[in-house]
Amino acid sequence: MAETFGSAAALLSLRSPDHPVVCIRPHLIEERARRVVGAFPGDVLYAVKCNDTPVVLEALWRGGVRHFDTASIGEVRLVKRLLPRASCHFMHPVKSAEAIAEAYHEHGVRRFAFDHEDELAKILAATDNARDLELFLRLAVPGQGSLLSLTGKFGVAGEEGVRLLRRARTVAAAVGLTFHVGSQCLDPEAFARAIAIAAEVAHAAGGVDHLDVGGGFPARYRGDEPPFEAFVRRIQGAVFAHRLDCALQCEPGRLLVADGASVLARVELRRDQALYINDGVYGNLAELKWIGPLFPIRLVRPSGVVTGERAAFDLFGPTCDSIDSMPGPHWIVREVKEGDWLEVGMMGAYSNALRTRFNGFASSEIAILRDPGWYRPQADLAPALAA
Ligand SMILES: Cc1ncc(COP(=O)(O)O)c(C=O)c1O
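Residues numbered from 1 in each chain as written. Predicted model: local features only at pLDDT ≥ 70, side-chain atom pairs only at ≥ 80, totals over all residues. Heavy atoms only, no water.

A. Just the nonpolar core, in detail. Counting 114 residues, the largest nonpolar core has Tyr46 and Leu211 as its most contacted members. In terms of residue count, helix α8 (residues 188–204) provides more of this core than any other element does, 9 residues in total. Both domains that furnish three or more residues to this core are identified here as domain 1 (3–23 + 258–386) and domain 2 (27–257). When residues no more than four places from it in sequence are discounted, the contact partners of leucine 211 are Leu177, Phe179, Ile195, Ala198, Val239, Leu244, Cys246, Ala247, Leu248 and Gln249. If you look at the next biggest cluster of nonpolar residues, it comprises 12 residues, including Phe5, Ala8, Trp341 and Leu369. (Core = buried A, V, L, I, M, F, W, Y, C linked by side-chain atoms within 4.5 Å. Buried < 20%, exposed > 50% of the residue type's maximum accessible area, 1.4 Å probe, protein only. Helix = DSSP H or I, 4+ residues; strand = E, 2+ residues; numbered from the N terminus. Domains from an automatic or database assignment. Contact = heavy atoms within 4.5 Å.)

Spelled out as structure tokens, the structure:
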């Protein structure tokens, strides 16, 4: 059971931890969920892979999220155990027969994704040729406009898509199309381009009942990312322009939870402008490497947040592997020294979900914080861009 504190400084003064702590702010997650569910004209499926911590899932539920994009039977079991009335949708295009059977027969899952005829056959066999399946064909779409591309692994295009969709229609109660434009997508046009591709397949195959526009909506790392509402407007415009008469759904991960958690990590050594800290790429901070030095970082001591002139630092994680480095510029108060704590903000997405035990660094402590959180100071942006 995670303990609750008023702030990161209070946690440090009351607990004196010697390992990283993931600090979750459920009130922010709940608030964000309410806003996203209110703005989207269809079902909002939370992508559980992004952060499957129970307090996160419960906060999303309180914020009105009722649907979950589950990519493994482990995620289905977790969601149904915590939130028995939630709907799980198996949106991973490749699943084991056992996982499909358990999802269908024991957990009430009806929506399944596929992108190959053998997967379609597997879904039918594992559900005893069920007549109430809702089958979503995953389309390949371009990944321009996103920081993390998801092209290259799943999805079909063109004639093959039309053929598979027609085939699915003969066996399913409803059919849909789904795609993913890539994570942290900064360009609403990427969704319009993907919808144009989906419309072509849909019309050629005689229409669809559902369109799932996937995830990829950006979290507010820099502060100048287009808001979710701008994406919704572009999606609705493209759906209308392409005469798609179907129900909509989306699968946000990062958008819903990124600003709902931070990570506290301690400085173990300062070498000039390099800080060696006790969390890193193999722990909670992988995204500092993969999407770069976009994250707000503040210096926290048990007495409070330290402010002052900032300087650019590189960060290094605790393991021996040189992959475990998070090149800057990370803008941190210049006076930072060994024993200080860095609070890395915007760490709700793909943080503790990606953590490993590599090299014996296995801390899994989670705390709940009641403070309002914070965003990256805009003053940081200009030097970060210039560097
Ligand atoms: C099928 C699917 N849906 C949704 C998501 C969530 O994406 P994001 O966190 O960028 O919104 C992912 C992420 O990998 C995904 O693979």
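B. Up close: the site of the ligand. Around the ligand there are 14 residues in total, and Ser183, Gly216, Glu251, Gly253 and Tyr350 lie nearest to it. With respect to the ligand, the side chain of aspartate 69 contributes an N or O atom lying 3.1 Å from a nitrogen atom. Tyrosine 350 has a polar side-chain atom sitting 2.6 Å from an oxygen atom of the ligand. Considered on its own, the ligand offers 390 Å² of accessible surface; in the complex 89% of this is hidden by protein. For the shell around the ligand, the residue count by class is 4 nonpolar, 5 polar and 5 charged. (Near = heavy atom within 4 Å. Polar contact = N/O pair within 3.5 Å; in protein donor to acceptor, adjacent residues only side chain to side chain. Areas by Shrake-Rupley, 256 points an atom, 1.4 Å probe, with all protein chains shown as cover. Nonpolar A, V, L, I, M, F, W, Y, C, P; charged D, E, K, R; others polar.)

C. Broad picture of the packing of aromatic side chains. Taken as a whole, this structure holds 10 aromatic pairs when the rule is applied. On the basis of an interplanar angle of 55° and a centroid distance of 4.5 Å, the ring pair of tyrosine 282 and phenylalanine 358 is categorised as tilted. Placement of tyrosine 282 in the loop between β14 (274–277) and α11 (286–290) and of phenylalanine 358 in the loop between β19 (341–344) and β20 (366–369) is noted, with a sequence separation of 76 residues between them. Residue classification places phenylalanine 358 among the partly exposed residues on the basis of a relative accessible area of 36%. Through a chain of ring-to-ring contacts, the aromatic side chains of Phe40, Phe191, Phe217, Phe228 and Phe231 assemble into a single cluster. Here the basic side chain of lysine 95 rests over the ring of phenylalanine 90, its NZ or CZ set 5.9 Å away from the ring centre. Across the ring face of tyrosine 104, the terminal group of arginine 110 is positioned such that the distance to the ring centre comes to 3.8 Å. (Phe/Tyr/Trp six-rings, centres within 6.5 Å; stacked < 30°, edge-to-face > 60°. Lys NZ or Arg CZ within 6 Å of the ring centre and 35° of its normal.)

D. Structural context of unusual backbone geometry. In this model, glycine 328 is joined to proline 329 through a cis peptide bond whose omega is 10°. Mapped onto the elements of the fold, proline 329 is located in strand β18 (residues 325–333). Of note in this structure, methionine 346 is not a glycine but carries a positive phi near 60°.

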